[in-house]
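# Per-entry structural report
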Amino acid sequence: MKIINKLKKKWRWPTREDLRRFPFFSGKVLAAAVMLVILLLPVFYLRHLDRQLRTHFDGQRWEIPARVYARSLELYPGLALSAELLRRELELAGYRQDRQLASAGSYHLAGATLNLHTRAFDFGNSQEPARHLMIRFASDRITALATSAGQPLELVRLDPAPIAAFHPLQHEDRVLVGRQEIPEALVQALLAVEDRNFYHHRGLDFRGIGRALLANLRARATVQGGSTLTQQLIKNMYLTRERTWGRKLNEAVMALMLERRYDKEEIITAYINEVFLGQDGRRAIHGFGLASQFYFRRQLSDLELPELALLVGLAKGPSYYDPRRFPERSRQRRDVVLQTMVAAGFISPAAAEQAQAAALAQDLHATGGSTLFPAFVGLVHRQLRENYREEDLTGQGLQIFTTLDPQVQWRVEQALDDIVTQLERQTGHQRIQAAVVVSRYDSGEIEALAGSRIAGDRGFNRAVDARRPIGSLIKPAVYLCALENGYDLTSLLEDRAIVVDLEDGSQWRPRNYDQQEHGTVPLYEALAQSYNLATVRLGLELGLGRVIATLERLGLQRPVKPYPSLLLGALELSPLEVSQFYQTMASGGFYSPQRVINRVTAADNQPLERFPIRVEQRLEPEPAFLINSAMQKTISQGTGRPLAAYLPAGLAPAGKTGSTDGLRDSWFAGFTGDRLVVVWLGLDDNRPLGLSGASGALLVWGEIIRALGSRPLELATPPAIEWAWYDPQRRERVRFRTAQAIQLPFVAAKVPATVDRPPGSGHDFDERGWLGRKLDQLMRGRQ
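Residues numbered from 1 in each chain as written. Predicted model: local features only at pLDDT ≥ 70, side-chain atom pairs only at ≥ 80, totals over all residues. Heavy atoms only, no water.

### Structural notes on the overall build of the protein chain
- Along its length, the protein chain carries 25 helices and 31 strands.
- Per-residue burial for the protein chain yields a buried fraction of 51% across its 783 residues.
- Within the protein chain, contacts between residues at least 6 apart in sequence are counted, and of these 67% link residues at least 24 apart.
- With an accessible surface of roughly 38,400 Å², the protein chain has 52% of that area assigned to carbon and sulfur atoms. (Helix = DSSP H or I, 4+ residues; strand = E, 2+ residues; numbered from the N terminus. Buried < 20%, exposed > 50% of the residue type's maximum accessible area, 1.4 Å probe, protein only. Contact = heavy atoms within 4.5 Å. Areas by Shrake-Rupley, 256 points an atom, 1.4 Å probe, with all protein chains shown as cover.)

Structural data, given as structure tokens:
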């Protein structure tokens, strides 16, 4: 403070004598300096606006997003595929109905024959030409595949359906289009409605401004605007919507600058990619490319004149003319656009009349944004960041080829809707949630992913991000650990009450689901019936460290604490994590990270280098075979027996039910000869669901497998495995097949000794069979 006070005492205003002593402070010099500043301020401000304009426009306008594709559909005679499913997949890929097949990307379905004009497509590793095809169907199967000239074909690969577009590092799902992708009718409609003199002015249309001013004066209200497309683009990209003279001045100046620096085609392309056209929840729909998919589920280049006119009409007021909420209002605005195009000379009155007669699309109420598969696309984005270098993902025009099978996805969504609706009526819960992961366990490819029971839900992705206790789904890992450490499927376990002392001094008293004890039981039965007491005793005998090590080898990456309750599934995992460690068992012990991306190519179709996918043998073939055989018993004889009502005989799937305390979570994980499916059901608020794994998730699983028509599970028997007869009543292996005996696999060196049962003991196998025994009974009755 002392220093400040001293400075205040020394400082004083300059006197006239001071000014005479220093000419710099003379009045003329000051006036000149002020004038210079006044003259330079606009220059500096203009340079600021110019820098802002160039930085934003050059950085944003041509950011081409990555295109994400489903798997490509391969057609061949004998393929199990109905004409309706093929039609639906063609619609997903943006194909349109056209009896004449005038252009690529069109089809015509007549009865059991579908005629198709395919698109050419560069897959990076192969080229597929455009061609005309004739496809015949019978009994939901392709019976003939030929060219339009009748030449038979063995295999045709269709261009894959685009399912999303986003910036890999930002997760934006904007769909930007280049000038060559924009229909000319869209440009004409915009010019007719918004700016007829676009190609003749330099950013400001003074004639249009005067015309609008005159119209507004006559109406004594604002009835007409004079803004050009360039001014509208400036307002959308840079400025606010406030109605002030300062904002209007900036808009006009920047419009002139934009026209000076960039040509008309660049400006109108930027406008088409930037204009606001609707709202999807909290997400704004910007650009005609995204609006085309949001409202019509089709690419912009595939839209016809009535649809293009409807989108152009939305630019005036997306909420007011929303075709989903106000279809009649939207149709009237579309017709105004068409008549304006006639007045501008872009289309004929006959073309406008034909377009006006077209009805609004029927599926406008069922749209889901730029992707119909948000849960799957979200996982694509996550795996991109994990498996590819960041510098590669900054490239423009990437093509991401995924493992999504739309037909599998649709069947999963339908099964969820059907079964969960039934369960809601049964339980009284109205908001049962669900998650499903479907994969090819031999390759680790995920074919379908549902993060919600509602198809297309863009909210929380439960398949990837919801971690819930897995309950009895952990038991196969415990029993696998036992099979790796000297146990076999017939090893006897004690299913009796146990008290476990915990580190904090408390005690844990696990119980069976049925509140009963079952005494001495063989290992395979304890797993099939999901006995908790036997599992806890076995896990403690093995040691928690061994069980955790087994989980880690199966693919679990999350840290696990060695609590005894772990043995009964007090471990919170997502359905995706469960799918990963079941994949290792289903594949016979080979671990491969599950994935949704097949490959990524750059704009020049060259594949990006990625981190290599590793395939590791994590289990010996014998214990892997034994645990899978035991899980087959779980479905045929244990908690999975209700599946018999859903599945065809001979499918022989393997799997495990899972339930948690209070029946809050219902799980089922299982696999057939070609697919692994994991299902979770529950309530988001964690209240009791009232469904066990067998009464809830298992039903969804069965419906999915039934709809997919999976192959039977035929486990490849390792050379060191030997099959033997086992009598479950006597808890021993027998040499002769008895009425109660079942065949079980054993490691050859550990096959238990047999017990000889002489003929006539009541346990030998009667070779006469059922018919022979009945005949003997009839003969004895006559005597």
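Having seen the model, we can carry on.
### A look at helix α23 (residues 621–636)
- The terminal C-alpha atoms of α23 lie 23 Å apart, and with 16 residues this matches the ideal 22 Å at 1.5 Å per residue to within 8%.
- Of all the 16 residues making up α23, 14 are buried; the element is thus mostly covered by neighbouring parts of the structure. (Expected span 1.5 Å × (residues − 1).)

### Considerations on the sheet that holds strand β31 (residues 742–747)
- Taken together, the 3 strands give an open sheet; going across it, the order is β30-β29-β31, and neighbouring strands pair in antiparallel fashion. This sheet does not close on itself; its edge strands, each paired only once, are β30 (732–733) and β31.
- Where strand β29 (residues 721–727) lies against β30, 2 bridges are found, and the strand directions are antiparallel. Pairing of aspartate 727 across the sheet is with glutamate 732, part of β30.
- Where α23 meets the sheet, its contacts fall on β29 and β31, and the angle it forms with β31 comes to roughly 160°. (Pairing = 2+ DSSP bridges. Axes fitted to C-alpha atoms, helices over the stretch in contact; angles between N-to-C directions.)

### Describing the sheet that holds strand β14 (residues 399–402)
- Across the sheet, which stays open at both edges, the 4 strands sit in the order β11-β1-β14-β24 with mixed pairing between neighbours. Only two strands of the sheet have a single neighbouring strand rather than two, namely β11 (162–166) and β24 (597–601). Between one strand axis and the next, the sheet turns by 20° as a mean value, whatever way the strands run.
- Of the strand pairs in this sheet, strand β1 (residues 66–69) and β14 are connected by 3 bridges, and their pairing is parallel. Looking at β14, one finds that tyrosine 69 is bridged to phenylalanine 401.
- Contacts between helix α14 (residues 374–387) and the sheet are confined to β1, β11, β14 and β24, with β11 contributing the most and set at about 50° to the helix.

### Considerations on the packing of aromatic side chains
- Tallied over the full model, the rule gives 13 aromatic pairs.
- Between tyrosine 69 and phenylalanine 121 the ring centres are 5.5 Å apart and the planes differ by 80°, which places this aromatic pair in the edge-to-face class. Highlighted residues: tyrosine 69 in strand β1 and phenylalanine 121 in strand β6 (residues 121–122), separated in sequence by 52 residues. Each of the two residues, tyrosine 69 as well as phenylalanine 121, counts as buried.
- Relative to phenylalanine 671, the ring of tyrosine 441 lies with its centre 5.7 Å away and its plane at 70°, an arrangement referred to as edge-to-face. Of this pair, tyrosine 441 sits in the loop between β15 (433–440) and β16 (445–450) while phenylalanine 671 sits in strand β27 (residues 665–671), placing them 230 residues apart in sequence. The two residues tyrosine 441 and phenylalanine 671 agree in class, both being buried.
- In this structure an aromatic cluster arises from ring pairing among Tyr69, Phe121, Phe123 and Phe401.
- Positioned above the aromatic ring of tryptophan 410 is the side chain of arginine 88, whose terminal nitrogen or guanidinium carbon lies 4.0 Å from the ring centre.
- Sitting above the plane of the phenylalanine 123 ring, arginine 157 keeps its charged end 3.9 Å from the centroid. (Phe/Tyr/Trp six-rings, centres within 6.5 Å; stacked < 30°, edge-to-face > 60°. Lys NZ or Arg CZ within 6 Å of the ring centre and 35° of its normal.)

### Some remarks on the nonpolar core
- Ranked by size, the top nonpolar core spans 115 residues in total, and within it Leu75, Leu86 and Tyr479 carry the most contacts.
- In terms of residue count, the dominant contributor to this core is helix α18 (residues 475–483) (7 residues).
- Residues contacting tyrosine 479, with those up to four places away along its chain left out, are Leu493, Leu523, Ala526, Leu527, Tyr531, Ala534, Thr535, Leu538 and Ile627.
- Counting 51 residues, the second largest nonpolar core, distinct from the first, contains Phe288, Phe296, Ala309 and Leu314. (Core = buried A, V, L, I, M, F, W, Y, C linked by side-chain atoms within 4.5 Å.)

### Describing the packing of α18 against helix α21 (residues 544–554)
- Two elements in contact, α18 and α21, have axes separated by 9 Å at closest approach and are oriented at 110°. Relative to α21, the element α18 lies roughly perpendicular. Seen from α18, the contacting residues are Ala477, Val478, Leu480 and Cys481; seen from α21, they are Arg546, Val547, Thr550, Leu551 and Leu554.
- Here the contact of α18 with α21 is composed, by residue class, of 7 nonpolar, 1 polar and 1 charged. (Parallel < 35°, antiparallel > 145°, perpendicular 65-115°, else oblique. Nonpolar A, V, L, I, M, F, W, Y, C, P; charged D, E, K, R; others polar.)

### What to know about empty space enclosed by the protein
- One pass over the structure, following the stated rule, counts 3 cavities of 30 Å³ or more.
- Reported here for the second largest cavity is a volume of approximately 70 Å³.
- Along its surface, the second largest cavity is lined by Arg71, Ser72, Leu73, Leu86, Glu89, Leu90, Ala93, Tyr95, Leu158, Asp159, Pro160 and Ala161. (1 Å grid on protein atoms, 1.4 Å probe; cavity = no way out; pocket = protein on both sides within 12 Å on 5 of 7 lines; lining within 4 Å. Points joined across faces, edges and corners; volume = space filled by probe spheres on them.)

### With respect to α18
- Along α18, 9 of the 9 residues are buried, which leaves the element largely enclosed by surrounding structure.
- Within α18, the full set of buried residues consists of Lys475, Pro476, Ala477, Val478, Tyr479, Leu480, Cys481, Ala482 and Leu483.

### Some thoughts on a nonpolar patch on the surface
- Together, Phe590, Ile613 and Val615 line one region of the surface with nonpolar side chains, adding up to about 260 Å² of accessible area.
- Position of isoleucine 613 among the secondary structure elements: in the loop between β24 and β25 (616–617). (Patch = residues over 30% accessible without salt bridge, like charges linked within 9 Å, V, L, I, M, F, W, Y side chains within 5 Å. Salt bridge = Lys/Arg side-chain N within 4 Å of Asp/Glu carboxyl O.)

### Structural notes on the pattern of salt bridges
- Applying the stated rule across the entire model yields 31 salt bridges.
- Arginine 324 is the salt-bridge partner of aspartate 322, the closest N and O atoms lying 2.9 Å from each other.
- A salt bridge links arginine 334 to aspartate 335; the nearest nitrogen and oxygen atoms lie 3.1 Å apart. Each member of the pair arginine 334 and aspartate 335 is classed as buried.
- Residues participating in the shared-partner salt-bridge network are Arg96, Arg119, Asp159 and Asp302.

### Some points on unusual backbone geometry
- Its identity is not glycine, yet asparagine 605 carries a phi of approximately 70°, on the positive side.
- With respect to the helices, strands and loops of the structure, asparagine 605 is situated in the loop between β24 and β25.
- The phi angle at arginine 731 is positive, at roughly 60°, despite the residue not being glycine.
- Its location among the elements puts arginine 731 in the loop between β29 and β30.
- Classification of arginine 731 by relative accessible area gives partly exposed; the value is 30%.

### Side note on the packing of helix α5 (residues 184–194) against helix α11 (residues 305–314)
- At a closest axis distance of 9 Å, the pairing of α5 and α11 adopts a crossing angle of 40°. It follows that α5 is oblique to α11 by the angle criterion. The two elements α5 and α11 meet at a crossing, and its hand is right-handed. Counting all contacts with α5, which are made through Ala185, Leu186, Ala189, Leu190 and Val193, the residues of α11 involved are Leu305, Leu308 and Val312.
- Looking at the contact of α5 with α11 residue by residue, the classes come out as 8 nonpolar, no polar and no charged. (Left-handed = near helix turned anticlockwise from the far one by under 90°.)

### A look at the confidence of the model for the protein chain
- Chain-level statistics for the protein chain give a pLDDT mean of 84 and a share of 80% at 70 or above.
- Across residues 365–369 the pLDDT falls below 50, and counting only partners more than four positions away or on other chains, this stretch makes 13 contacts in the model.
- Overall, residues 756–783 carries pLDDT values under 50, and its contacts beyond four positions in sequence, including any with other chains, amount to 16 contacts. (pLDDT = per-residue confidence, 0-100.)

### As for the pairing of β14
- Of the two faces of β14, the one carrying Gln399 and Phe401 and the one carrying Ile400 and Thr402 are both buried.
- As judged from the 4 bridges shared by β14 and β24, these two strands associate in the antiparallel manner. Residue pairing in the sheet places isoleucine 400 in a bridge with valine 600 of β24.

### Topic: the side chain of threonine 657
- Here threonine 657 lies in strand β26 (residues 654–659).
- Judged by relative accessible area, threonine 657 falls into the buried class, the value being 6%.
- Side chain to side chain, threonine 657 and threonine 639 meet in a polar contact 2.9 Å long.
- For threonine 657, the side chain forms a polar contact with the side chain of lysine 656, separated by 3.5 Å.
- If sequence neighbours within four positions are ignored, threonine 657 has contacts with Ser472, Leu473, Thr639, Trp667, Phe668, Gly693, Ala694 and Leu698. (Polar contact = N/O pair within 3.5 Å; in protein donor to acceptor, adjacent residues only side chain to side chain.)

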